[in-house]
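Structural overview for review
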Amino acid sequence: MGSKYGVIVMGPAGAGKTTFCTALIQFLRNNRRSCFYINLDPAAEDFAYEPDVDIKDLISLEDVMEELHLGPNGGLIYCFEFLMENLDFLTEPLEEVGEESLIIIDMPGQIELYTHVPVIPQLIAHLTKGSTNVSMCVAYLLESTFIGDRAKFFSGTLSAMSAMLMMGLPHVNILSKMDQVKGQVARKELKRFIDPDIGLMQDAADSGLVYEWKDGVDNGDEAAKEEEKRDMMTGASFTKLNRAVAQLIDEFSLVSFLKLDAQDEDSVGAVLSYIDDSIQFHEAQEPREPNDEIMDDGE
Ligand SMILES: Nc1nc2c(ncn2[C@@H]2O[C@H](COP(=O)(O)OP(=O)(O)OP(=O)(O)O)[C@@H](O)[C@H]2O)c(=O)[nH]1
Ligand SMILES: [Mg+2]
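Residues numbered from 1 in each chain as written. Chains lettered and ligands numbered in written order. Predicted model: local features only at pLDDT ≥ 70, side-chain atom pairs only at ≥ 80, totals over all residues.

As annotated in an unreviewed UniProt entry, the protein carries the name GPN-loop GTPase 3 and is attributed to Dissoconium aciculare CBS 342.82. Quoted verbatim from the Subunit (unreviewed entry) heading of the UniProt record, the comment on the protein is "Binds to RNA polymerase II (RNAPII)." Under the heading Sequence similarities (unreviewed entry), UniProt records this for the protein: "Belongs to the GPN-loop GTPase family." (UniProt positions renumbered as here; feature names shortened; annotations may be inferred.)

This brings us to the overall build of the protein. Secondary structure summary: the protein contains 13 helices and seven strands in total. Scored against the burial criterion, the 299 residues of the protein give a buried share of 33%. A separation of at least 24 residues holds for 78% of the contacts in the protein among residues at least 6 apart in sequence. (Helix = DSSP H or I, 4+ residues; strand = E, 2+ residues; numbered from the N terminus. Buried ≥ 20, exposed ≤ 12 C-beta atoms within 10 Å, placed from the backbone. Contact = placed C-beta atoms within 7 Å.)

As a further point, take unusual backbone geometry. A positive phi angle, close to 55°, is found at H69, a residue other than glycine. One can find H69 in the loop between α2 (61-68) and α3 (72-85). One non-glycine residue, N133, adopts positive backbone phi at about 50°. Along the polypeptide, N133 turns up in the loop between α6 (119-127) and β5 (134-143).

This brings us to the packing of α2 against α3. At their nearest, the axes of α2 and α3 sit 9 Å apart, and the two run at 110° to each other. Relative to α3, the element α2 is oriented roughly perpendicular. For the pair α2 and α3, the sense of crossing is right-handed. Across from L61, V64, M65 and L68 in α2, the residues of α3 making contact are P72, G75, L76, Y78 and C79. (Axes fitted to C-alpha atoms, helices over the stretch in contact; angles between N-to-C directions. Parallel < 35°, antiparallel > 145°, perpendicular 65-115°, else oblique. Left-handed = near helix turned anticlockwise from the far one by under 90°.)

On to the site of ligand 1, then. Lining the immediate environment of ligand 1, one finds 16 residues, of which G16, K17, T18, T19 and G109 sit closest. When its residues are assigned to classes, the shell around ligand 1 shows three nonpolar, eight polar and five charged. (Near = placed C-beta within 6 Å. Nonpolar A, V, L, I, M, F, W, Y, C, P; charged D, E, K, R; others polar.)

Judged by how many residues are buried, strand β4 (residues 101-106) sits mostly within the fold: five of six residues are covered. Direction of pairing for strand β1 (residues 4-10) relative to β4: parallel, over a ladder of five bridges. Residue pairing across strands places V7 opposite I104, the latter belonging to β4. Bridging between strand β2 (residues 34-39) and β4 involves six bridges; their strand directions are parallel. Across the sheet, residue Y37 finds its bridge partner in β4, namely I104. (Pairing = 2+ DSSP bridges.)

What follows deals with the sheet that holds strand β7 (residues 258-259). Read from one edge to the other, the open sheet built from seven strands follows the order β3-β2-β4-β1-β5-β6-β7, with strand pairing classed as parallel. On the outer flanks of this sheet lie β3 (53-54) and β7, each paired with one strand and no other.

Per-residue confidence for the protein averages 84 on the pLDDT scale, and 82% of its residues sit at or above 70. For residues 209-215, every residue scores under 50 in pLDDT, and the model assigns this stretch 17 contacts once sequence neighbours within four places are set aside. Every residue in residues 294-299 is under pLDDT 50, and counting partners more than four places away or in other chains gives eight contacts. (pLDDT = per-residue confidence, 0-100.)

As a further point, take the packing of helix α1 (residues 17-30) against helix α12 (residues 265-279). Look at α1 against α12: their axes get within 10 Å of each other, and the N-to-C directions meet at 90°. Put simply, α1 runs roughly perpendicular to α12. Taking contact as the criterion, the partners of A23, L24 and F27 in α1 are, on α12, E265, V268, G269 and L272. Tallied by class, residues from the contact of α1 with α12 come to five nonpolar, one polar and one charged.

So, about the nonpolar core. Here is a general trend for soluble globular proteins: nonpolar side chains tend to be buried in one another's company. If you look at the biggest cluster of nonpolar residues, it comprises 68 residues, and the most contacted ones within it are V9, I104 and A139. Beyond its immediate stretch of four places on either side in the chain, V9 contacts K17, F20, C21, I104, I105, D106, M107, A139 and L141. (Core = buried A, V, L, I, M, F, W, Y, C linked by C-beta atoms within 7 Å.)

As structure tokens, then:
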């Protein structure tokens, strides 16, 4: 058990990570809890709350790309490798953070960082051990608008699962931007995405996950048809593969989601309570009067 507590916010580009960090900070402030905000996105510009530690003070993606002639993805990986060589930049200020503060780490949106390269797991290994010793969980955000496209949703779910396996930390999956799907998806239907089940695949004829050959419509010219039939991404094999993946997610209950509307304080509070539980934040705090607790929860 660490003596510091934190959450590292991950997810694809534009999933709402920075907005969620801002909403969390706002919520914590409203509830008289302190936090320590770390930006690890070397390309991030605008912040509603100034980060306590900003990777851009160590290295900026723009400079790396210009000076080393790297593209944005290679540049980003370079930035993290540079951070790993200069870890004092992060660990020194963290040593001063008390156990009553929630450390919030805002990450970039390139999912390769979470699924393909070992640099983030290495960083996490450092932060969760040694002098910093942070009890940490991952908050992995996926946009709720993805539920309109099941292929996208399953691919997002797989990226969440991949991050979960790579990081080896308690993992909280979050469907962000719920306000954008409000009123568009029936509650019962939404439930099936919150806790994905294999049925989502079986009745997904127009989802892009089940390939369907349609008679009597223009399916392209004959040669293309033949080629397409041979293609392993079509027909029964494609469907079978997708179904097997969905079954894996379903049977092992590997992924389920919390709903988040960053503009709604209750929604942010509910997600925060899962984060607190997963890092056992409250167990380590000074005992308080029960009434204080209720007031602090904003009730
Ligand atoms: N409607 C709605 N829009 C949101 C919500 N959260 C974020 N957004 C919008 O989504 C866009 C991306 O949000 P960010 O918070 O910058 O997303 P990010 O994951 O930090 O993006 P990157 O750091 O670029 O990967 C912005 O235009 C936000 O205003 C939300 O809960 N509801
Ligand atoms: Mg961001």
